[in-house]
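Working through the structure, step by step
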Amino acid sequence: MAGFETTHFSSSYLTPSLLSTALKNSARMGSFLGGLQLHGYLYKSGLCNVLSLQNQLLNVYVKCKKFHDACNLFDEMLVRNIVTWNTLLCGLATCGAGFRSILDLGFSYFKRMLSQMMGPDCITFTSLLRVSVELDDVEIGRQLHCFIVKLGLCVNCFVSSALVDFYSKFGLVGDARCTFDCCLGKDLVLWNVMVSCYVSNCLEKDALLVFSLMRLEGVNGDGFTFSNLLNASAVLGCSEFGRQLHSLVISLSFDLDVVVASTLVDMYAKNENIADARKAFDGMVFRNIISWNTMIVGYGQHGDGKEAVELLVGMFQEDLRPDELTLASVLSSCGSLSSFSEIVQLHGYAIKVGLQAVLSVANSLINAYSKGGIIAMAFKCFSSIAEPDIVSWTSMIRAYAFNGLPRKGIELFDEMLLNGKTPDRVAFLGVLSACSHGGLVDEGLHYFNLMTNVYNIEPHSEHYTCLIDLLGRPGLVDHALEVLTLMPFEPGSDQLGAFIGACKVHGNSELANWAAEKLFVLEPGKNANYTLLCNTYASKGCWDDVARVRKMMRNRCNDKVPGCSWIEIADDHRILCNIKSSNIIDGANLQAEGADFVYSLLAAEKSNVYRFG
């Protein structure tokens, strides 16, 4: 189409057929200048009143979002057919998203259409239903539904699918199902839209029932059907049904569809069957970046950080480059493992490919470094973000809280408020944790009251755990007991554990025993609960009580797993990527040199080969 921007047209070769092709290309490529030149040529050549060419020119203007020019052209047309009206209405619906004045214009033209006795068809109504969704106006959609019924178009699968989708987006599942049932000759698209309606509205069981009905009607389904059903079984945790779907997918050869195969991997991972997820992944004939990300995220969610890193290596070997989701997932896994060398290598790669400024990657870097205790690097990553979101602020606040710098965490929280950020319950949990770890009782109570009274956030169990720990650490056990007993729900294991810990520190074995009895009812088979009470009695020298609790632990619990520690040794080096360079970064050496050296080395962007240590 670039040629039309510089070429003078000649009537010897621009026939109506060629003009039609040129207009279609202009619309497809969004070439407004090409459309203008073609418009001028139509007038010059006397073809400006050819309806088919006018309709295609109108399509060029709406595809280029030049609605003023489109409306002017429309108003100048002497003859209009249903294609003309639908072209304008479809364009306003598709390209006017986010612009209420443009969307309202669609209904203005629809009224003109009716006043000029032009009967709407299926495409007209699907466009207007889309406009109703964009306007978030369900009543207009209902009125359109009535009009559709009056015209007898409700039996049309195309229109019924649009109606079911419309009601689905507003959460009106009952209306969607009534519309679905009224259409007698259902096609595959309509079945799929109904299944999708149930899945998107968290009614996974109903989606499975619709699929069963669909099978009884002799409709096998397609890749879209199985992707939705596998998502439903993942949410429901229906592992057995997921396996049955897997068998059906294989028998119908949909396992060759990369989307369906990736959804299979996701289904098994969410059903806690990570081994089956890996088998499904290894059995994929074709893989794309989404397939790899699905498996990596699955490993990360199951705490298999090393496997996630190994899979990342496999991505590079397949000549695939990770995106921000890949990096964020692997960084989260490495953070849980406190694997310093992998974190540094991934940080270096993110800098090289320009992903270090992406919020998800930057936030994952903050978490990864803070879990490894490298708080200076975490703050440098935070400072590098141009516009931190609430997750960034919260991650850094929690990093300070859990690395022995509670005052800095509180200062950062106050700075966040000054920057106009509205804290959520996770942000308040971070600042309460900072106050708890630092023994800052007055500050902690201030932020708890700020959360409940100013921001109207209802405290969850984690907030009460922090509050009990905050009061219990400095010896305000009676106040902690008051919070424990006045909570709007029954105390859980975390709250009781925090209270027993406070009783242990301050030698209140009587209250510790009271809380422990409640804890043993909640978690009778957990060794740590009995050990906590034993230590409380031991600190007071109550050895008979220690022996009694030890006997209870032997009778009710399995053998206690001994504690262990681990370190990272730079022996087994694995290649992560190789990008035309001989410079090598050794993770162990970087760790020895310190965080400042690491950051300056990464920022220099000189090293292109990374090794795992």
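Structure: above.
Residues numbered from 1 in each chain as written. Predicted model: local features only at pLDDT ≥ 70, side-chain atom pairs only at ≥ 80, totals over all residues. Heavy atoms only, no water.

Observations regarding the packing of aromatic side chains
- Scanning the entire structure with this criterion turns up 21 aromatic pairs.
- When the centroid spacing of 5.2 Å and the interplanar angle of 90° are considered together, the rings of phenylalanine 74 and tyrosine 109 count as edge-to-face. Residue phenylalanine 74 is located in helix H4 (residues 67-76), and its partner tyrosine 109 is located in helix H6 (residues 100-115); the two are separated by 35 residues in the primary sequence.
- The class for phenylalanine 74 is buried, based on a relative accessible area of 0%.
- On the accessibility criterion, tyrosine 109 (5% relative accessible area) is buried.
- Where phenylalanine 226 meets phenylalanine 254, the ring centres are 5.4 Å apart and the plane angle is 45°; that geometry is what we call tilted. You can see phenylalanine 226 sitting in helix H13 (residues 223-236) and its partner phenylalanine 254 sitting in the loop between helix H14 (239-251) and helix H15 (258-270), a full 28 residues away along the chain.
- Among the aromatic side chains, those forming a connected cluster through ring pairs are Phe379, Phe382, Trp393 and Tyr400.
- In this structure, arginine 80 is placed above the aromatic ring of phenylalanine 74, and the distance from its NZ or CZ to the ring centre is 4.5 Å.
- A cation over a ring is seen here: arginine 287 above phenylalanine 281, with NZ or CZ 4.4 Å from the ring centre. (Phe/Tyr/Trp six-rings, centres within 6.5 Å; stacked < 30°, edge-to-face > 60°. Helix = DSSP H or I, 4+ residues; strand = E, 2+ residues; numbered from the N terminus. Buried < 20%, exposed > 50% of the residue type's maximum accessible area, 1.4 Å probe, protein only. Lys NZ or Arg CZ within 6 Å of the ring centre and 35° of its normal.)

Structural notes on helix H25 (residues 425-438)
- Over its 14 residues, H25 extends 20 Å from the first C-alpha to the last, a length consistent with the 20 Å expected when each residue adds 1.5 Å.
- Across the 14 residues of H25, 10 count as buried, placing the element largely inside the fold.
- Turning to H25, its buried residues are Ala427, Phe428, Leu429, Gly430, Val431, Leu432, Ser433, Ala434, Cys435 and Ser436.
- Among the structural elements, helix H23 (390-402), helix H24 (406-418), helix H26 (441-454) and helix H27 (461-472) are those in contact with the buried residues of H25.
- Two or three places before valine 426, at the start of H25, stands the capping residue aspartate 424, its side-chain oxygen 3.2 Å from that residue's backbone nitrogen. (Expected span 1.5 Å × (residues − 1). Contact = heavy atoms within 4.5 Å. Polar contact = N/O pair within 3.5 Å; in protein donor to acceptor, adjacent residues only side chain to side chain.)

Looking at the pattern of salt bridges
- Per the stated rule, a full pass over the model turns up 13 salt bridges.
- With a closest N to O distance of 3.1 Å, aspartate 175 and arginine 142 form a salt bridge. Of this pair, aspartate 175 sits in helix H10 (residues 173-182) while arginine 142 sits in helix H8 (residues 138-150), placing them 33 residues apart in sequence.
- Close ionic contact of arginine 278 with aspartate 282 constitutes a salt bridge, the shortest N to O distance being 3.0 Å. Remark: aspartate 282 and arginine 278 occur in helix H16 (residues 274-282); sequence separation between them is four residues, near one turn of the helix.
- Given the relative accessible area of 25%, arginine 278 is considered partly exposed.
- Via salt bridges that share partners, Glu139, Arg142 and Asp175 belong to a single interconnected network. (Salt bridge = Lys/Arg side-chain N within 4 Å of Asp/Glu carboxyl O.)

With respect to the packing of helix H5 (residues 82-95) against H6
- Look at H5 against H6: their axes get within 8 Å of each other, and the N-to-C directions meet at 160°. Considering the angle they form, H5 stands roughly antiparallel to H6. Every pair of crossing elements has a handedness; the one defined by H5 and H6 is left-handed. For the pair H5 and H6, contact is made by Ile82, Trp85, Leu88, Leu89, Leu92 and Ala93 and by Ile102, Leu103, Leu105, Gly106, Tyr109, Phe110, Arg112 and Met113, respectively.
- Taken together, the residues that form the contact of H5 with H6 break down as 12 nonpolar, one polar and one charged. (Axes fitted to C-alpha atoms, helices over the stretch in contact; angles between N-to-C directions. Parallel < 35°, antiparallel > 145°, perpendicular 65-115°, else oblique. Left-handed = near helix turned anticlockwise from the far one by under 90°. Nonpolar A, V, L, I, M, F, W, Y, C, P; charged D, E, K, R; others polar.)

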